[in-house]
Structures are given as C-alpha cells and as structure tokens.
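Survey of secondary and tertiary structure
Here is how the chains run, residue by residue.
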Amino acid sequence: MKRLFLECVVVLWTVWAPAGEMAPFVIPTQPTPDSRLTVAVEPVPADAARLEVRDGHFFVGDRRERIWGVNLSFAACFPEPADAPHIARRMADAGVNNVRFHHMDTAAWPRGILDPQDRLRLHPEALKRLDVFVDQLARHGIRSNINLHVGRAASRALGLPEPNTRYDKIVGIFTPELVEAQEQFARDLLTRTNTARGVRYADDPAVAFVEITNENSLFMWSAKRDLRELPEYYAGVLRGQFNAWLKDRYDTTDALRTAWAAGAEPLGENMLADPAFAMPPPQGPDDRRWQIEQHAGCRMTAAQLDDSSGVRLNIEQADQTNWHLSLKHSPLQIAAGSYYTVTFRARSDQPRSIAYSVGQDRAPWGNLGLSRQAELTAEWQVFRAGFVALADEDRARLAFSVGADPASVELADVRLSPGGRAGLVAGESLDEANVAVFAHGESEPRIRDRWRFLAETEKNYFDHMYRFIRDELDCTALITGTIVFGPCGLYGQSDMDFIDGHAYWQHPRFPGRPWDAGNWTVEQLAMVDHPERATLPRLAAERLAGKPFTVSEYNHPAPNDYQAECIPMLAAYAAAQDWDGIWLYTYSHESDVHRARLNSYFDIDQNPAKWGFMRAGAEIFRRGAVPPLPKTRQVALGQCADDPLADLTDLHRSRGRDMFAAATMRIPLTWQNLLQNRLAVALGGETAKHSHRVAQPPVFLWQVEAGKGTFAVSAEGVRVLVGRRGSRGAGITLAEPAFAAITVTALDGRPLHASRSVLIAACGRAENTGMVFSEDRRTVGRNWGEPPVRVEPVKASIALPGRPWRCHALKPDGSQGQRVPLQREARGRSYVDLHPKYATMWYLLEQD
C-alpha cells in the first residue's frame, strides 16, 4: 500500500501579494496541436447506448458514468456553426462529458430560441444552430441536458394576466394554460428531428437528460410571499383546486369545520409594553421598549402620532438595505411551538414596501417564524400575520425594517399577541368553493391541510409532466423536475429519474435593482474558512437514497479572491460522497467565444481559477481518482409509516428548505461527520448505516484555526490542498501567495506512483488586467478591466511518490514550457518546487 500524505497543518495569515506579481494566463479558445492536455474522445453516434439508471447511479452499458459538465446560457447555446467544433474540442480536453442548455428559452433570437414574432414558436435559425452544436458535442463524446423551462413567460404570449413572479415561476405549476404551453414547447423541441444527426431529440442517445423546469417550486425561496400575493386570476385557479381537494378529502362543509376547529385559540393580550409609542428613556437593559436601530450612516427619527395610536418614522438618510433602518420592540419572550399574531396599521407618504419580522435580538439573530413584506400606500391599511414560533427565546424582538427608501412611514395599533387562530371562517363553504388557501390566524389542522395540498399539487404537476415527456412524446432521456426545495420539494421530485440541486458560495447580491450590473457585491469570504456555512454538507443532505444525485449549477462567483477553491473542493467532496453529476455554472452567456478576459461573476470559459482546474476536476470526480467514502448514513425524514408526508410537512415548516437542518432533526449530524460518511435521506422507512467495500478510502482533512481553514485530500491518484500561506497537507506545502488551491492528479487513471503523466494545477487569485475594485474588494461594478486575464502564480513544494520524474511548466495552451528541476532530500524523496518565475498554473510530471 502506498503512503498517503496528510500532514499536520500550520496556518499563517498575511496580506495579499501585490498585483504586479500576477502573470497573464489566457487559455486559448481553440485547442492547439502541441497541447499536452488533449484527451481521446469516444463519440456518441445516433445508435449509441443510452445513459440509464441502475442501482442508484448512471450507467452506459456496464460502465458507471459520472457527469462532469458545464452550463451554457442564453446566446452561448447557439454558437456559429464554424465555432461549434472548437468549443466542443475545448470542452472535451477539459474532461467535460455533458452540457446543460440553460436559459435558451428566456429571450428571442438571437439571444434565445424563441421567435421574436411569436414567442410561442421556436426560431428556425436557433434550431439549426442547436442541431449542429448538439451534433458536434456528441462527436466529441459530450452528451446534452435540455432544459425545457427556465425563463420563458408564456403568460404574456398567451395574453393572460401578468403574474407576480418572473418567468411564470410558481403559477406555471398549477395554471392549466401554462402547463399546456409547457407541453407544446416540449413537443416542438423534443419531437424535432435533428438535421445534423437524422434522429429526433427525444430518441437521440446524445440527449441524456431533460429538465422540466429550472428552480421552480411551490416551496421555493419566495413562495411563501408569492403564493399569498397572487393576482386574482391565478389565486382563483389555485383556490378552485384547493376547494376541489378539500371536497375530495372531507366531502361536506360540516366535516371540514369540525376538523379545522381543533386547536383554535382566541387572541390574547398585547405583549408590547409601549403600544402607544411614548418611547420613554430605558430603565435598564431588560426594559421592554421600542428602539431605533441605525446602521452604515443611515438615520431616522421617531415622533408619536397626534392621537397617540402610533408613530411616524421620518427617514433622514437611507441606503439600499432595508434593515439598516429598523424600529424594534424587545426583549420579548417567545415559546417554541406556540402561535402568535402580529397586527398593525400602516401608511406612507409615497408607495413603498417595509419588512416586518419576529426574530432573536442577540446572536445568531435567527428568525423565529415570521418574516413578511407590507406594501404601503398613502391610505391606512391593516396588516395581520400569524406564525408558529420555531424556538424558545427570552430575548426576541418584533422589528419593522424601513430602510432602502426615503419615504417616511407611519405605524399604528401595533400588537403582538399569543393565539388568534381559527378554523373555517364565517362564510366559507365547500358548496360555494370559496375556502381561501390562506387566511389570517389559521388553526393547525387548516395549516397542515394547506401544506399537504401544496405538496400534492406540486408532485402531481411533476409526475404529469414526466408522464407526458416519457409516454406521450416517447422520450428516452432521463428526466428530472427541478432542484430540491426542502423536504416537501424533495417529495415532489421523488419519482423523477434523478434528484438535482444547486448551490453558490457567495452569490452576487444586488442591493438596488435586481441584476444591476453596476450595483452589486460579492463577499470576500473563503468557504474553506467556514465549513459550518459551506454549500457542500447542505447539498449532501438533498440526496435521496436509491436515486442518482446531481448538482446542475455550482460556482464560487468572481471576483472572489478565493474562487480557486471552487473546483478542487467540489470535485473531491462530490467524489467522496459518490454523487453522480456536476455542472459548473456557466461556461458562457455569450456567443462570442474569442474573449481573453473573464467578464462576469459566473462565466468560467476565460476564468483560469475555474477553467484551469477543470481537467483536474474531471480526474478527481468523473474518473474517480478520489474514491467514495466507505460508510453511508441514511436518514429517514418521515417517521410515520402510514403517512410520511405529514412528517415531511412538519419538518419543512420547522426547518424550511435546509435539508441538512432537517436531517439533524432525525439524527445527530455535523459537517465533520461527512468527512468520513456519505449521506443520503429517505422519505420514510428506517434510519440506517451501510458499509461499502472501498480498497483504499480517501483521507480528508478540513480544519479551521484562528478563523483560517485548510482542506486537504489524499488518495492513490490525487492530492488536493486548499489553504493559506504556510498550510501543509497531502504532501504539499504552500509558501506563496496568501491563499491558493493546488491539485495533483494522475491523467491516466493510475495511482500517482505508477502514473506516466501527472498534472499539477495551482492558482491564487485570478483577475483581469486593470480591474478596479472597491476599497473592500466586494465589487468592481462595471469596471471588469481588460485582457489579458491573469493568475497569481503559486510557490509551493510537493513531495513526489514513485520513481524519478521529469517536470515541465505548461503554457496556457497546454504546450510544454520550461524544464522544472526536481529536488531530492537526504532520505531519497523527490520534491518539485512550484515557483512564480514559471508564470504558469500548470505543471506536467512524466516518467518513462
């Protein structure tokens, strides 16, 4: 057995090296014949074996097939035919074996597939280009993943009322006309014969996957608000379906009234000590009172209304963050599982929104069950919201966040009271089909019925679309619905062919207008420093036992100084967890493939901190250089054998969309456990442990000292180190720069000591020439700089196993550069020293 290097870790912190030490590293858009990184491809002809599911994983014939993929977005889905073979070759050389066609339905041609004259039809030129590109990808061994709905808004094209969601999200799940439009789109695309391949998309083995709808669920991020605020047309559709569901469940109004009466509670006394907003000076730290919170230079004053019923908040200085100006009442005592009701009147001089919530008034400042928006006008309106407290808290607060808008706000008759729950409201009747989906102060049985109805409605939609694609269109591709949105979302996906998730570490934030290219921030945080907040354990908890699990969008967006950690950490972790597919988001948004700089948060085609690690990631994950961990923890979420959905809805209500938090409700589980165990969840059944035969399991280290993390992995065919200057692990010692990621991977599938070709990839920062950062480096606005893109070269020492090696630095085109001398210590061990003088992030080790 060969020794695995996983040494003690020393972490030192220092400032970044000056930008002048960075080196140009533009990876060509067209592969060169001299590249040492080319790969042999296995084309996918029209009669090739299909990708299929067996034993919870993907297979082609008898071969296990993991997916190492990229997304293409908008116009990038339709390159010039002359460019298509070069793009495909470049992807293949990076180890890519699948492309996810994403956002191709959001815009009209030439940025999308829709006909600008009729957005219910597909544009012929877009289809021709798609035909050619899918064919060229297949010729280079790359299958396709077709997204059927991402950004298309058929409601507009059909002349339906404007929904309150972008891209027909949520409403497209239950509105019959929109479901029919989705069916028509799927029919038009999947039954088309690809003119370059002579086979229908539905029959083509090169079309491996079909995704029904992207990031779309009745339990998605905004669903709690969006469902309550549906325009009447869509609210009426959902209400009609809810009443039909209730009729089927209870038959009569009397039976429904009896069932929903359980747990009704009258409204209790107001818990607020100063409902008239006299706002006297505090008498002590535990004095219950109203207080103004002001942050980041924002200012406001409070004045009692003339009738002493409320307060006027005069905004003097606001920025674009609403919680930077808040009025809070604390401390309040909240009991877990108890029901509370907040009521108030509000108005503003100008139309605007405010947020109100009940949460902790101390670290970690968690929400306790209520977080809502109120849309104000010049007229007084009454607002009411009830919630079940998520935890016991004796220092809770009721807060009104009123920043992000200069318009002053008036609040009156504010109450926070225990109770306030009722079942069927006077006038509601199944015979009249007027029972509201949402009502104020709902009893527990009413709430549970709504959750069950939404979960079943969502599952019925996905199951219907699955049957339509599989049976009516006779499509042989593997089908998924959408990503997992908590326990109820997982229930809706449970009969798909595979389960999918998305995650981003430090996604861009837009404090003003959404997706404003001049007003955004990316936090300068390294995931390796924050394992308790990391994306990877949360993704692991979304895996459904017995189903393949994929992550079809993932990124650590630019210009994060730590973005080089993205692929090494993701690929190693996913391989150890034995996931089945990864797609980086995104190769490109543009049809222009000849750029020499990174141009956005997400595009990786000219971002060497991402694209420069793709080949290493393919070896680590796709080819399995990091083997799976030898044990699996399988967590049963639903514990009621007769009705697991009841448990799933309760779990979702208490833990939201966080599947890792849901799993911890069933077993003790920490992020550290997943360095030794795979994780999967089940909707029901028993929690269990499984052991697997793994010849030589990987050795993982993820630790944090003084707030600075190190991640190291050793396996027979790979070593990975992510960390700070002075970090050591997996036989690698990092000297410079202040932060870097390093991978050492065999390119021929052999153990490192027996390999004839080993790639070393090493990178600190990556950024364009002349990028103009803000002082805190959280944004460059529109100042992304000019070509060439540059990398921060790494100085490190790597211990080499096996026989004598020879080493060369590689140029950005993969061709051979300078010879790199090896070092040998007295005990005979060889080392290679990476150094900035070679101005590269790639080194190739070879032995005869």
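Details of the structure are given in the entry above.
In this report, we go over the structure that sits alongside the text. Just so it is clear, the structure is predicted and the values come from calculations on it, not from any experiment. (Residues numbered from 1 in each chain as written. Predicted model: local features only at pLDDT ≥ 70, side-chain atom pairs only at ≥ 80, totals over all residues. Heavy atoms only, no water.)

**Here we look at the sheet that holds strand S36 (residues 757-763)**
Here we have eight strands laid out as an open sheet, ordered S30-S31-S32-S35-S36-S44-S40-S41, and antiparallel in their pairing. Across the chains shown, the open sheet's two edge strands, defined by having one partner strand only, are strand S30 (699-705) and strand S41 (816-819). Shown here is a sheet whose adjacent strand axes are inclined to one another by a mean of 20°, direction ignored. In this structure, strand S31 (residues 708-715) lies alongside strand S32 (residues 718-724), joined through five bridges in antiparallel fashion. Bridge pairing in S32 places valine 713 opposite valine 720. Sitting on the sheet, helix H12 (residues 566-577) touches S30, S31, S32 and strand S35 (739-746), and the angle it makes with S30 is about 130°. Each of S32, S35 and S36 is contacted by helix H14 (residues 614-622), which is oriented at about 55° to S35, the strand it contacts most. (Pairing = 2+ DSSP bridges. Helix = DSSP H or I, 4+ residues; strand = E, 2+ residues; numbered from the N terminus. Axes fitted to C-alpha atoms, helices over the stretch in contact; angles between N-to-C directions. Contact = heavy atoms within 4.5 Å.)

**A short note on the packing of helix H1 (residues 84-93) against helix H2 (residues 124-139)**
Running from N to C, H1 and H2 point in directions that differ by 35°, and their axes come no closer than 9 Å. Two packed elements cross with a definite hand, and for H1 against H2 that hand is right-handed. Packed against H1, whose contacting residues are Ala84, Pro85, Ile87, Ala88 and Met91, the element H2 presents Val132, Phe133, Gln136 and Leu137 at the interface. (Left-handed = near helix turned anticlockwise from the far one by under 90°.)

**Focus on the pattern of salt bridges**
Scanning all chains against the criterion turns up 66 salt bridges. The closest approach of N and O atoms between arginine 187 and glutamate 472, which form a salt bridge, is 3.3 Å. On the criterion of sequence distance, the pair formed by arginine 187 in helix H5 (residues 176-190) and glutamate 472 in helix H9 (residues 444-472) is long-range, its members being 285 residues apart. Its salt-bridge partner being arginine 595, residue aspartate 605 comes within 2.7 Å of it at the nearest N-O pair. In this pair, aspartate 605 sits in the loop between strand S26 (581-588) and helix H13 (608-611) while arginine 595 sits in the loop between S26 and H13, placing the two residues 10 residues apart along the sequence. What makes aspartate 605 buried here is its relative accessible area of 4%. Among the ionic contacts, a cluster of salt bridges with common partners joins Glu265, Arg421, Glu444, Arg448, Asp650 and Arg653. (Salt bridge = Lys/Arg side-chain N within 4 Å of Asp/Glu carboxyl O. Buried < 20%, exposed > 50% of the residue type's maximum accessible area, 1.4 Å probe, protein only.)

**Looking at unusual backbone geometry**
The omega angle of the peptide bond from alanine 363 to proline 364 is 10°, so this bond is cis rather than trans. Summarising the element assignment, proline 364 is placed in the loop between strand S18 (352-360) and strand S19 (367-376). Between tyrosine 585 and threonine 586 the backbone carries a cis peptide bond, its omega angle lying at -5°. Positionally, threonine 586 belongs in strand S26. Phi angles above zero are rare outside glycine, and aspartate 55 is one such case at about 55°. Its location among the elements puts aspartate 55 in the loop between strand S2 (51-54) and strand S3 (57-60). The exposure class assigned to aspartate 55 is exposed, which follows from its relative accessible area of 69%. Residues other than glycine seldom take positive phi values, yet arginine 777 does so here, at roughly 60°.

**Some points on the side chain of serine 830**
Note that serine 830 resides in strand S43 (residues 830-834). Within polar-contact distance, the side chain of serine 830 engages the side chain of arginine 824 at 3.1 Å. Filtering out sequence-adjacent residues up to four positions away, serine 830 remains in contact with Ile798, Ala799, Leu800, Gln823 and Arg824. (Polar contact = N/O pair within 3.5 Å; in protein donor to acceptor, adjacent residues only side chain to side chain.)

**Remarks on the nonpolar core**
Ranked by size, the top nonpolar core spans 173 residues in total, and within it Met91, Phe101 and Ile113 carry the most contacts. Broken down by element, the residue count for this core peaks at 11 residues, all from H9. Residue contacts for phenylalanine 101: discarding those within four places in its chain leaves Leu72, Cys77, Leu130, Phe133, Val134, Leu137, Ser144, Asn145, Ile146 and Asn147. Counting residues in hydrophobic clusters, the runner-up holds 36 residues, among them Phe277, Trp290, Leu332 and Ala396. (Core = buried A, V, L, I, M, F, W, Y, C linked by side-chain atoms within 4.5 Å.)

**Here's the deal with the packing of aromatic side chains**
According to the stated counting rule, one finds 40 aromatic pairs in the structure shown. An angle of 80° between the planes, with centres 5.0 Å apart, marks the rings of tryptophan 221 and phenylalanine 485 as edge-to-face. In this pair, tryptophan 221 is assigned in the loop between strand S12 (207-211) and helix H6 (223-228) and phenylalanine 485 in the loop between strand S23 (478-480) and helix H10 (486-493), connecting sequence segments 264 residues apart. Looking at tryptophan 221, the relative accessible area reads 48%, which means it is partly exposed. Between tryptophan 702 and phenylalanine 711, the ring centres sit 5.4 Å apart and the planes meet at 90°, which makes this aromatic pair edge-to-face. Relative accessible area serves as the criterion here: at 5%, tryptophan 702 is assigned to the buried category. Using a relative accessible area of 0% as the deciding quantity, one classes phenylalanine 711 as buried. One aromatic cluster in this structure is built from Tyr504, Phe510, Trp515, Trp520, Tyr585, Tyr601, Phe602 and Trp784. A cation sits over an aromatic face here: arginine 152 above phenylalanine 185, 3.9 Å from the ring centre. In this structure, lysine 459 packs its charged tip against the face of tyrosine 491, placed 5.8 Å from the ring centre. (Phe/Tyr/Trp six-rings, centres within 6.5 Å; stacked < 30°, edge-to-face > 60°. Lys NZ or Arg CZ within 6 Å of the ring centre and 35° of its normal.)

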